[in-house]
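Chain residues, written in single-letter form:
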Amino acid sequence: MPHLQPLNALDHLRDRLRSELDVHRAVHAIEWGNPRVMTETLKRIRHDLGGEGNDQPAADQLQAALLRFARSRQVASFTELKYVCYGSTVPVGHDLWRMIDRRPLFEAMLELVNQRTQQPKQFRRCYQGLLSGYFGFERNLEKPGEADERWIGLRNYLADQLAPLQSTSSKRGTVPEWLNTLSEHRNLLTSDPCSRYADALARDDYTELRRVCTGLGISSNSWVWEEALMAYVKRVCQCDDAEFKKRMRSVLDLVHGKTSLTLPPILAVRAVALVVARYAQCTDHPEHPALRDTCVEWIGNPWLKRTAWDAAVNHEPARLMVNSWLKQRLIKDFFGLLAADGAADFRRLEYWLKWEPQISDMWFVLGSDAQGNRTPEFLDLRKRMSGRDRKLVDSNHLNNAFVMRIGQLLVIEFGVTGNACYVFATSDFQTSLDNAVLNLHQLKQKAYAKRLSHTAQWEFKFDYELKKLLQSVPMSKGELKEFNPISNTPDAVGHWRAQSTPVTAPKPVAPVTSHQRNSLLPPAVKTADYTGFDSKPAWPTPPPRAQQAGIRASANGAQNTDSARQKPSVTQLAGQKKRLTDVEFSQLQGLFMKHGVEWEDNRHKGGALWALIPDKNQKPSVAMVLELFRFRFTEGKGYWLKDED
């Protein structure tokens, strides 16, 4: 019917109009895997409107073009040259070689590109391919090589060609959107590509950076994002102390991958290094547990991984700061979390925290209970102790041991109360601390050991003994022994040899103490007099024989000088000066410890040295020695002696 023809023509016109009017939608629509025909149509429409999409070739086409170019250094067509440009930094084949790694190939490609400068459209397509390779380059951050140098050369080449390319495209009236974006963000072609975005990132504003990456086809794993994040970290570190501390937590979250963006490991280490060095420069820098644990995780234990700290941070105040934090945390862990009854031993905790600056190394020998505990607290604890944790074999599964190196001494404390503290000259310790498993007998060695008991006012006794030993033990005794790794059993204890490379202990520095009564320091003892901690005490030398004879004669009228070896009375010695030498005081301390006698020393404030024996008949053997030392007795309290000149 003729009257239907106009209707068909009208329908056809309507379809054509709808197609043309939908161009804007087609250009800006997201491609959700369109069929190849529709994709080609969209590409043609964009081209007609003056834009250029990302013409990056398929992976198989790109690999084939690169392999052909590697064989001949020639291209069969412009399309193949464009593919080679896109693949300039792409790994090829099973060997994963890159064109940028091979100078002759790379230079041959650039020569072919330069030959297209008189063909602006083709040159622009090649430029876009090289730009894609520039943004996709995988840098060797740890050890830059020749490829990294050529990548910098490529950056300079792209920067030099940008203005002429923009001018030529403008004259032709077809400036692709990506070229406008690159011109606006030409900072990406400089040695400081991403500082521009740091302020926005510090405000948690990613809008501009995301828009740039979308416009230039920069992938999320490009170095651009890495540089932008590092610029953000540097900007945070440039803030004043208060603002820096406020934003530091977000940087630590970035390092640990707790944000939508992540840093590769080597840049994470650099970020941590920047933050810890900046924190150490703050006027007030109290312990920051999150920063401490982040440093240990990414850089390492500051006293075990000194080389890593020097390489990554190279800021000694920062290393010493974290070193002190970690040692204090571990001391608190031992006397708090590892206490046998679950209650923190605050006296020992406070005491050893005072010595923390002098502790140069630590080992933690954990009993079966601490080894098997899977609670978060113990998991974190063992992580902090990593590298210095050992296993303890003991019938008491709650027991643990804490080994400290202080100067030329090894000091061993135990978690279960009632155990003495053992002190050794380092080289006298007959067990390898490198053993993964240690038993109680290996730690409580009787030979060469100085036992310090936690009785009465033990802190002062510990101070005195440790300071005296640090002065008297030769520095040559501060070398750890290296044991032959033939066995991990007690039988292997005797098989040791001196280290080929001695570990020299630092010179001891007396710790600052809040207890004034602990300030007594003996004068240095000659190292030649050192015979080990278990040497017999030398009691006061008896008076000369002639003097003995005079004393005996005045008391009994006897004339036989050879029989005058009995103990002189306190009355007979009353006229003599009464001032203990340091050697005598040390001998008395050993006597008190052996017989379980509590004592107090108030001489530093004008008082007396007291042996708390309220009854003379309680410790007769000790009383006899004290009388030899010219002590006086006060009923109900004990023996005492005041220094008299």
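Residues numbered from 1 in each chain as written. Predicted model: local features only at pLDDT ≥ 70, side-chain atom pairs only at ≥ 80, totals over all residues. Heavy atoms only, no water.

*Asks:* Pulling in residues and values, what's your account of unusual backbone geometry?
*Replies:* Although it is not a glycine, Leu-96 sits at a positive phi angle of roughly 55 degrees. Mapped onto the fold, Leu-96 is located in the loop between α5 (78-86) and α6 (103-114). Leu-96 sits in the exposed class, given a relative accessible area of 55%. Of note, Tyr-448 is a non-glycine position whose phi angle comes to about 65 degrees, a positive value. (Helix = DSSP H or I, 4+ residues; strand = E, 2+ residues; numbered from the N terminus. Buried < 20%, exposed > 50% of the residue type's maximum accessible area, 1.4 Å probe, protein only.)

*Asks:* So, the environment of His-256: which residues are in play, and what are the values?
*Replies:* Positionally, His-256 belongs in the loop between α13 (241-255) and α14 (265-280). Exposure remark for His-256: the relative accessible area of 30% places this residue in the partly exposed category. C-alpha of His-256 to C-alpha of Ala-268: the two residues are twelve residues apart in sequence and 8.2 Å apart in space.

*Asks:* So what about the sheet that holds strand β7 (residues 450-452)? Which residues, and what values?
*Replies:* The strand order β6-β2-β1-β3-β4-β5-β7 describes an open sheet built from seven strands, whose pairing is mixed. Looking along the sheet, the strands with just one partner apiece sit at the ends: β6 (437-439) and β7. Direction aside, neighbouring strands of the sheet carry axes that sit 25 degrees apart on average. Taken together, the three bridges between strand β1 (residues 359-366) and strand β2 (residues 389-393) define a ladder with parallel strand orientation. Each bridged residue has a counterpart across the sheet, and for Leu-366 the counterpart in β2 is Lys-391. Here helix α17 (residues 316-337) sits on the sheet and contacts β1, β3 (401-406) and β4 (409-414); the angle it forms with β1, its principal contact strand, is near 35 degrees. (Pairing = 2+ DSSP bridges. Axes fitted to C-alpha atoms, helices over the stretch in contact; angles between N-to-C directions. Contact = heavy atoms within 4.5 Å.)

*Asks:* Break down the packing of α13 against α14 for me, citing the residues and quoting the values.
*Replies:* The N-to-C vectors of α13 and α14 enclose an angle of 160 degrees; their axes lie 11 Å apart at closest approach. Classified by the angle between their axes, α13 and α14 sit roughly antiparallel to one another. When you trace α13 past α14, the crossing you get is left-handed. Only Ala-268, Ala-271, Val-272, Val-275, Arg-278 and Tyr-279 of α14 make contact with α13, whose side of the interface consists of Asp-241, Phe-244, Lys-245, Met-248, Val-251 and Val-255. When grouped by side-chain class, the residues that make up the contact of α13 with α14 number nine nonpolar, no polar and three charged. (Parallel < 35°, antiparallel > 145°, perpendicular 65-115°, else oblique. Left-handed = near helix turned anticlockwise from the far one by under 90°. Nonpolar A, V, L, I, M, F, W, Y, C, P; charged D, E, K, R; others polar.)

*Asks:* So what's going on with the sheet that holds strand β10 (residues 599-601)? Which residues, and what values?
*Replies:* The four strands are arranged β10-β11-β13-β12 in an open sheet whose pairing can be described as antiparallel. Each edge of the open sheet carries a strand with a single partner, namely β10 and β12 (632-634). Neighbouring strand axes in the sheet, compared pairwise and without regard to direction, differ in orientation by 20 degrees on average. In the sheet, β10 pairs with strand β11 (residues 609-611) via three bridges, with the strands oriented antiparallel. When the bridges of β11 are listed, Glu-600 appears paired with Trp-610.

*Asks:* Outline helix α15 (residues 289-298), listing residues and values.
*Replies:* Count 3.6 residues to each turn of an α-helix, and residues three or four apart come out pointing the same way. Within the sequence span of α15, burial applies to Leu-291, Arg-292, Thr-294, Cys-295 and Val-296. As for α15, its buried residues are in contact with α13, α14, α16 (306-312), α17 and α20 (376-384). Gly-300 lies just past α15 and shows a positive phi near 125 degrees.

*Asks:* Just give me the short version of the environment of Ala-273, but keep the residues and values in it.
*Replies:* Topologically, Ala-273 is positioned in helix α14. In the structure, Ala-273 is positioned 38 residues away from Ala-311 in sequence and 9.9 Å away in space, judged by C-alpha atoms. Excluding residues within four positions of it along the chain, Ala-273 makes contact with Ile-299, Ala-312 and Val-313.

*Asks:* Please give an account of the packing of aromatic side chains that cites residues and values.
*Replies:* Summed over all chains, the structure comprises 25 aromatic pairs. Note on Tyr-351 and Trp-458: the rings are 5.3 Å apart at their centroids and 65 degrees apart in plane angle, and the pair reads as edge-to-face. Within this pair, whereas Tyr-351 is found in helix α18 (residues 346-354), its partner Trp-458 is found in helix α22 (residues 458-472), the two being separated by 107 residues in sequence. Here Trp-458 falls in the buried class, since its relative accessible area comes to 3%. Relative to Phe-429, the ring of Phe-424 lies with its centre 5.1 Å away and its plane at 65 degrees, an arrangement referred to as edge-to-face. Each member of the pair Phe-424 and Phe-429 is classed as buried. Aromatic ring contacts, followed pair by pair, group Tyr-134, Phe-135, Phe-137, Trp-151 and Trp-223 into a single cluster. (Phe/Tyr/Trp six-rings, centres within 6.5 Å; stacked < 30°, edge-to-face > 60°.)

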